[in-house]
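Observations on chain architecture
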Amino acid sequence: MYRYDQYDYRIVRERVAQFSDQVRRRLSGELKEEEFMPLRLQNGLYMQIHGYMLRIAVPYGLISSEQMRMFAHIARQYDRGYGHFTTRQNIQFNWLKLQDVPSILADLASVEMHAIQTSGNCVRNITSDEFAGVAQDEVVDTRPYAEILRQWSTFHPEFAYLPRKFKIAISGAKEDRAAIYAHDIGLSVIKNAQGEIGFRVLVGGGLGRTPIIGVEISDFISWQHILTYVESILRVYNQYGRRDNKYKARIKILVKALGIDEFKRQVEEDWEHLKDGSGTLTTEEVDRVCSFFIDPAYERLPNDDSKLNEFKADSRSFSNWMLRNVLPHRQPGYAIVVLSMKKVGNVPGDATAEQMEVMAELADRYSFGELRITHKQNVVLADVRKKDLISLWQEATAHELTEPNFGLLTDIISCPGAEFCTLANARSIPLAKMIAERFENIDFQHDIGDISLNISGCMNACGQHHIGNIGITGVEKKDHEEWYQVSIGGSEGNESSLGKIIGPSFSFNQVPEVIDRLLQVYLRNRIETERFIDTVRRIGLAPFKDYVYAAELTEEEAVDDKHAVVPAQYDIPYYSPRF
Amino acid sequence: MKIIKNKTIVEDNWIILRLGEQQSPESVLIPDGKIIVPLQVWLQQREALLKRSELGVWLASDERAELLKDDVDKFSVIAVDFPKFSDGRSYSIAYNLRVRLGYTGELRAIGDVLRDQLFYMQRVGFDAFEPRPDRKIEDAIKGLSDFSEFYQKSVDQKLPLFRRVQRSRNPTSVRN
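The rules behind the values
- Residues numbered from 1 in each chain as written.
- Chains lettered and ligands numbered in written order.
- Predicted model: local features only at pLDDT ≥ 70, side-chain atom pairs only at ≥ 80, totals over all residues.
- Helix = DSSP H or I, 4+ residues; strand = E, 2+ residues; numbered from the N terminus.
- Buried ≥ 20, exposed ≤ 12 C-beta atoms within 10 Å, placed from the backbone.
- Contact = placed C-beta atoms within 7 Å.
- Rg over C-alpha atoms; globule rule 2.2 N^0.38 Å.
- Core = buried A, V, L, I, M, F, W, Y, C linked by C-beta atoms within 7 Å.
- Pairing = 2+ DSSP bridges.
- Axes fitted to C-alpha atoms, helices over the stretch in contact; angles between N-to-C directions.
- Parallel < 35°, antiparallel > 145°, perpendicular 65-115°, else oblique.
- Left-handed = near helix turned anticlockwise from the far one by under 90°.
- Nonpolar A, V, L, I, M, F, W, Y, C, P; charged D, E, K, R; others polar.
- Domains from an automatic or database assignment.

Time to look at the overall build of chain B. Across its full length, chain B holds six helices and eight strands. Starting at the N terminus and walking to the C terminus, you meet the elements of chain B as β-β-β-β-α-α-β-β-α-β-α-β-α-α. Taking the principal axes of its C-alpha atoms as reference, chain B extends roughly 70 × 35 × 25 Å. The 176 residues of chain B split such that 38% are buried. When contacts within chain B are restricted to residue pairs at least 6 apart in sequence, those whose partners lie at least 24 apart make up 47%.

As a further point, take the overall build of chain A. A tally of helices and strands in chain A yields 18 helices and 21 strands. Rg of the C-alpha trace for chain A: 23 Å, near the compact-globule value of 25 Å for 579 residues, within the 12% margin. Dimensions along the principal axes, computed over C-alpha positions, put chain A at roughly 65 × 60 × 50 Å. Here chain A holds 579 residues, and 55% of them are scored as buried. Nonlocal contacts in chain A, meaning residues at least 24 apart in sequence, comprise 68% of its contacts between residues at least 6 apart.

Residues and elements named next belong to chain A. Ranked by size, the top nonpolar core spans 211 residues in total, and within it Leu54, Val337 and Met359 carry the most contacts. The element that contributes the greatest number of residues to this core is helix H6 (residues 226–240), accounting for eight residues. With near-sequence residues (within four places) excluded, Leu54 lies in contact with Gly44, Leu45, Gln92, Phe93, Leu96, Val101, Ile104 and Ala115.

Strand pairing in a sheet relies on backbone hydrogen bonds, with the paired strands running either antiparallel or parallel. Residue and element names in this part refer to chain A. The five strands are arranged S3-S14-S15-S12-S11 in an open sheet whose pairing can be described as antiparallel. Strand pairing shows two members of the sheet lacking a second neighbour, strand S3 (62–64) and strand S11 (326–328), which therefore form its edges. Here the strands of the sheet are splayed against their neighbours by 35 degrees on average, with no regard to which way each runs. In this fold helix H3 (residues 65–78) packs onto S3 and strand S14 (370–373), with an angle of close to 85 degrees to the strand it touches most, S3.

All names here are of chain A. Here strand S8 (residues 185–191) lies mainly inside the structure; five of its seven residues are buried. Two elements, strand S7 (residues 168–171) and S8, share four bridges in a ladder whose sense is parallel. Within the sheet, the bridge partner assigned to Ala169 lies in S8 and is Gly186. Bridging between S8 and strand S9 (residues 197–203) involves seven bridges; their strand directions are antiparallel. Each residue of the ladder has a partner; that of Val189, found in S9, is Phe199. Here S8 folds back onto S9 in antiparallel fashion, the turn holding five residues, of which Gly195 has a positive phi close to 80 degrees.

Think of two packed helices as two axes; the pair is described by the angle between the axes and how far apart they sit. Residue and element names in this part refer to chain A. The geometry of H3 relative to helix H4 (residues 101–110) is characterised by a closest axis approach of 10 Å and an angle of 165 degrees between their N-to-C directions. When the axes of H3 and H4 are compared, the pair comes out roughly antiparallel. The two elements H3 and H4 cross, and the hand of that crossing is right-handed. From H3, Met70, His73, Ile74 and Tyr78 reach across to H4, where they touch Ile104, Asp107 and Leu108. By residue class, the composition of the contact of H3 with H4 is five nonpolar, one polar and one charged.

As a further point, take the domain arrangement of chain A. Residues and elements named next belong to chain A. Its domain assignment divides chain A into domain 1 (6–110), domain 2 (131–291), domain 3 (307–397) and domain 4 (413–550). If you average the C-alpha positions of domain 1 and of domain 2, the two centres end up 26 Å apart. At the junction of the two partners, domain 1 supplies five residues and domain 2 supplies six residues. In the side of domain 1 that touches domain 2, the residues fall into four nonpolar, one polar and no charged.

Time to look at the packing of H6(A) against helix H8 (residues 260–272) of chain A. Residues and elements named next belong to chain A. Remark: H6 packs on H8, axes separated minimally by 8 Å, with the N-to-C direction vectors making an angle of 125 degrees. Taken together, the axes of H6 and H8 are oblique relative to one another. Seen along the crossing, H6 lies across H8 with a hand that is right-handed. Here Thr228, Tyr229, Ser232, Ile233, Arg235 and Val236 of H6 come into contact with H8, specifically with Gln266, Val267, Asp270 and Trp271.

In this section: unusual backbone geometry. Non-glycine residue A:Asp276 carries a positive phi angle of around 70 degrees. The residue A:Asp276 is located in the loop between H8 and helix H9 (283–290) in this model. Since 10 C-beta atoms lie within 10 Å of it, A:Asp276 is described here as exposed. The backbone of B:Asn6 sits at a positive phi, close to 50 degrees, despite the residue not being glycine. Given 8 C-beta atoms within a 10 Å radius, B:Asn6 is considered exposed.

Let's shift gears to the sheet that holds strand S6 (residues 77–82) of chain B. Residue and element names in this part refer to chain B. Within the open sheet, the eight strands sit side by side as S2-S1-S8-S7-S6-S5-S4-S3. Their pairing is mixed. Two strands close off the open sheet at either side, each with one partner strand: strand S2 (8–11) and strand S3 (15–16). Of the strand pairs in this sheet, strand S1 (residues 2–5) and strand S8 (residues 128–129) are connected by two bridges, and their pairing is antiparallel. Of the residues in S8, the one forming a bridge with Lys5 is Ala128. The strands touched by helix H3 (residues 89–100) within the sheet are strand S5 (56–59), S6 and strand S7 (106–111), with S6 carrying the most contacts at an inclination of about 160 degrees.

Another aspect to go through is helix H5 (residues 143–153) of chain A. Summarising burial for H5(A): 11 of the 11 residues are buried, a large majority. In the core, the buried residues of H5(A) are packed alongside S3, strand S6 (127–128), S7, S8, H6 and H9 of chain A.

A few words on the environment of A:Pro332. Residue and element names in this part refer to chain A. Within the element layout of this structure, Pro332 appears in the loop between S11 and strand S12 (334–339). By C-beta crowding, Pro332 is classed as partly exposed, having 13 other C-beta atoms within 10 Å. The residues contacting Pro332, other than those within four sequence positions of it, are Leu301 and Asn303.

Further remarks concern the interface of chain A and chain B. Interfaces are often described in size by the accessible area the parts lose on coming together. Facing the 34 residues of chain A at the interface are 34 residues of chain B. Every element with two or more residues in the side of chain A that touches chain B is listed here: helix H1 (6–27), helix H2 (33–41), H5, H6 and H9 of chain A. Looking at the side of chain A that touches chain B element by element, the count peaks at six residues for H1(A). Looking at the side of chain A that touches chain B, its residues break down into 12 nonpolar, 12 polar and 10 charged.

The next subject is the environment of A:Val255. Residue and element names in this part refer to chain A. Looking at where Val255 falls in the secondary structure, it is placed in helix H7 (residues 251–258). On the neighbour-count criterion, Val255 (26 C-beta atoms within 10 Å) is buried. In the structure, Val255 is positioned 119 residues away from Thr374 in sequence and 29 Å away in space, judged by C-alpha atoms. When residues no more than four places from it in sequence are discounted, the contact partners of Val255 are Val203, Gly204, Val215, Ile260 and Phe263.

Residues and elements named next belong to chain B. Burial of the side chains of S5 extends over both faces: Gly56 and Trp58 are buried on one face and Val57 and Leu59 on the other. Taken together, the three bridges between strand S4 (residues 35–38) and S5 define a ladder with parallel strand orientation. Along S5, the bridge assignment pairs Pro38 with Trp58. Pairing of S5 with S6 involves four bridges; the strand directions are parallel. If you follow Gly56 over to S6, its bridge partner there is Val77.

So, in structure tokens, the structure goes:
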């Protein structure tokens, strides 16, 4: 993986000093909260209901075991012993004290990490395919380009105060695993007929209140020009994106308003002045960055391991795990392993300090010391020898890391929800837990097969509900009760689509029954191995809607107090935005 | 009044003319002396203003640098306004003035100008800053030296880091 040189170190250390001084000025009262806010947000520091949350950047989801151990250290030393992996491949800590943040950033810098631009109206962490470099369907390894874009976007002086946040994702495989259609800029690294590397560029995708699938602005920008092309897109957006209404400020609204042809014309007019200039990438630089992403020292191994088959026959749990959470690798004798952060009963995406240390240890022993955070809030060991799978599974199982549910119903994406977030209308995590408990039966889940269930506590869509096969959104009602809208038919990947709302919203305790009815309609109508999303596409919304609303809904037993969150205690006054 | 110019605190006697609600760019009277007029006043009273020995102009964040095409050498100072520190359009205006229009004179940041933006402002071509009057200018100037290195090209540094220095390759990889 990429390693810092003196320049990367210098920039990150100077950032620690700068932010530490900003915190000092805030604590001394020199900076008012309204002035500190955009500064802390550029550094991923949010003020949530109960405390400060820090989001740490995991560039394109890739980390070393040493960095994972640092997360465990932060969880223990400064937080409540756990962290939360996010849908943008980052990690966040929910219970920090403002005065500790400078020390945390210094700790992070010592392992080549930071929290730069993990929030705020700037270019955010670049996300990518969690299987980059190892997937069988990969055309071009995205990691070097993601790193080059990371460096280009870090402290870009012109684009730090954009109309709104700006998210870039890159995919380089036949199947899009980076949700590039749901990003402000989606990049697909491809090869043209001559075998030259370039980018198909999508623009104006995004979720939030106005979900829009990105549209193509260019079918091929050769690799040398990608930085200048992205720069021109951002310059047009920075000047003309709306700033009068934050809900209409994303680039998707500008692209819609101008139309893609006019938007493209403006971008390329600007680009005419940059193209072939000093911002053009060089072969030397790409070659240098690529040198950090060469294959690890793979052994020559047979592709099949007879012991695995024997053990699979003996252990149902193991064979279920092999079926779902172990994926084919392009190197014979190796496999990709998805460690599930979705154990039923646990918070989706959460890992304890102990689990982080175990994962770091497993990475060191079985996967060349590297891990990847996925946008579905799981952790991947990308280079595991098949002959190690049994021992890896046994060790990981002891730490609740082998729920065999990757891509299944309980592999739920969930935002933090109203227990933590000031924006949310409703709780997400307790709902995710309740749904997972209801459908815990793994045989049932395997029977249902591939499905995605995404939960957001409000229409800002951090839980990406629009692209869930089943999407759940907390909606605001006058009575301050929690209500949820349910949509179906959303999906990510090559055939991205946005879900459609099935009808009037439901109470917290009705949602599991609603899901159950949706699944019943699917089971009755599916043809052979058809996936849930395919059935929805084939038969449409109506049969689902009719059945869900046909009879009165039963309510699960109320779980109101079961997951109550205990507020943090602060020495320094903490003015909660909500209370 | 004190401003930051070329990384030092200096006395400055330019006056920025901001139009009142009752005033119009066509008819507003421009006092004698060193005045920085709004872009609209320049566009409306161009002929009269050209007779002055020294003139400055300022752009609002929703105005475009291109409106000064072919005129930039007529000003001793061009200022760009930041109505709110979170309004980032003026960074692109500065970039366009320097790069697209080739302006080489004094480029001044005015309005909601605070210490923590100065580094970015300097990178996109500002060389003069009027920090918000309720802040100590001695503190604000520190913002110019927050970083000693950066990755990307802009106005102050025409080459990205990868074209300026020899950077490290992965020591374990063999050069091919």
